[in-house]
Amino acid sequence: VQLQASGGGLVQPGGSLRLSCTAPAHTFQVNNMGWYRQAPGKQRELVASIWKDGKNTYYAGSVKGRFTISRDSAKNSVSLQMNSLKPEDTAVYYCNVRPPLALYWGQGTLVTVSS
């Protein structure tokens, strides 16, 4: 079952977007969840992750202080609030468990930061 991310779009530098992803209940409940991104010509990288208990988070240095990951146990969903977006944040964003599993890679959602 692929995990489908949504909420991407075109935004100006300094703007905000909120990405969302819903997972099957069992997948969500037993796994740490993560947001990943892949920019053109670059390898996919982990952007942020949240432990299954929701109490601990991790952020890549490039997004720390600007992005916030959260999870909603009632909806089996994980979100990524992205503020103060920069052109270098332009990428396709994916959600997956952490560590990621191949079967969960979906098509991702494109975030383009441009004026």
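Here, the structure is the one placed above.
Note that this is a predicted model, so its numbers are computed, not measured.

Draft legend 1. How the structure looks around the side chain of Thr27. Residue position: Thr27 is located in helix H1 (residues 25–30). Owing to a relative accessible area of 7%, Thr27 belongs among the buried residues under this scheme. Ignoring anything within four residues of it in the chain, the contact list for Thr27 reads Val97 and Tyr104.

Draft legend 2. Summary view of the state of the cysteines. Enumeration over the complete set of coordinates arrives at 1 disulfide. Here Cys21 pairs with Cys95 through a disulfide, and the sulfurs are 1.8 Å apart. Classification of the bridge connecting Cys21 and Cys95 rests on its S-S torsion, roughly 45°, and on that basis the disulfide is right-handed. Of this pair, Cys21 sits in strand E3 (residues 17–22) while Cys95 sits in strand E9 (residues 91–98), and the two are 74 residues apart along the sequence.

Draft legend 3. How the structure looks around the sheet that holds strand E5 (residues 45–50). Strand order in this open sheet of 6 strands is E2-E10-E9-E4-E5-E6, and the pairing throughout is mixed. Only two strands of the sheet have a single neighbouring strand rather than two, namely strand E2 (9–11) and strand E6 (57–59). In this sheet, adjacent strand axes meet at a mean angle of 25° when their direction is disregarded.

Draft legend 4. Up close: unusual backbone geometry. For the peptide bond that leads from Arg98 to Pro99, omega is 0°, which places it in the cis range. Position of Pro99 among the secondary structure elements: in the loop between E9 and strand E10 (109–113). A positive phi angle, close to 55°, is found at Asn76, a residue other than glycine. Position of Asn76 among the secondary structure elements: in the loop between strand E7 (67–72) and strand E8 (77–82). In the Ramachandran plot, Ser84 falls in the positive-phi region, its phi being about 50° despite a non-glycine side chain. Mapping Ser84 onto the fold places it in the loop between E8 and E9.

Draft legend 5. View of the packing of aromatic side chains. By the definition in use, this model includes 2 aromatic pairs. Between the aromatic rings of Tyr94 and Trp105, the centroid separation amounts to 5.7 Å while the plane-to-plane angle is 80°, which identifies the pairing as edge-to-face. Of this pair, Tyr94 sits in strand E9 while Trp105 sits in the loop between E9 and E10, and the two are 11 residues apart along the sequence. Both residues of the pair, Tyr94 and Trp105, count as buried. These aromatic residues form a ring-pair network of at least three members: Tyr36, Tyr94 and Trp105. The ring of Phe28 has Arg71 lying over it, and the distance from NZ or CZ to the ring centre is 4.0 Å.

Procedures and definitions
Residues numbered from 1 in each chain as written. Predicted model: local features only at pLDDT ≥ 70, side-chain atom pairs only at ≥ 80, totals over all residues. Heavy atoms only, no water. Helix = DSSP H or I, 4+ residues; strand = E, 2+ residues; numbered from the N terminus. Buried < 20%, exposed > 50% of the residue type's maximum accessible area, 1.4 Å probe, protein only. Contact = heavy atoms within 4.5 Å. Disulfide = S-S within 2.5 Å. Pairing = 2+ DSSP bridges. Axes fitted to C-alpha atoms, helices over the stretch in contact; angles between N-to-C directions. Phe/Tyr/Trp six-rings, centres within 6.5 Å; stacked < 30°, edge-to-face > 60°. Lys NZ or Arg CZ within 6 Å of the ring centre and 35° of its normal.

All quantities given are derived from atomic positions and should not be read as evidence of function.
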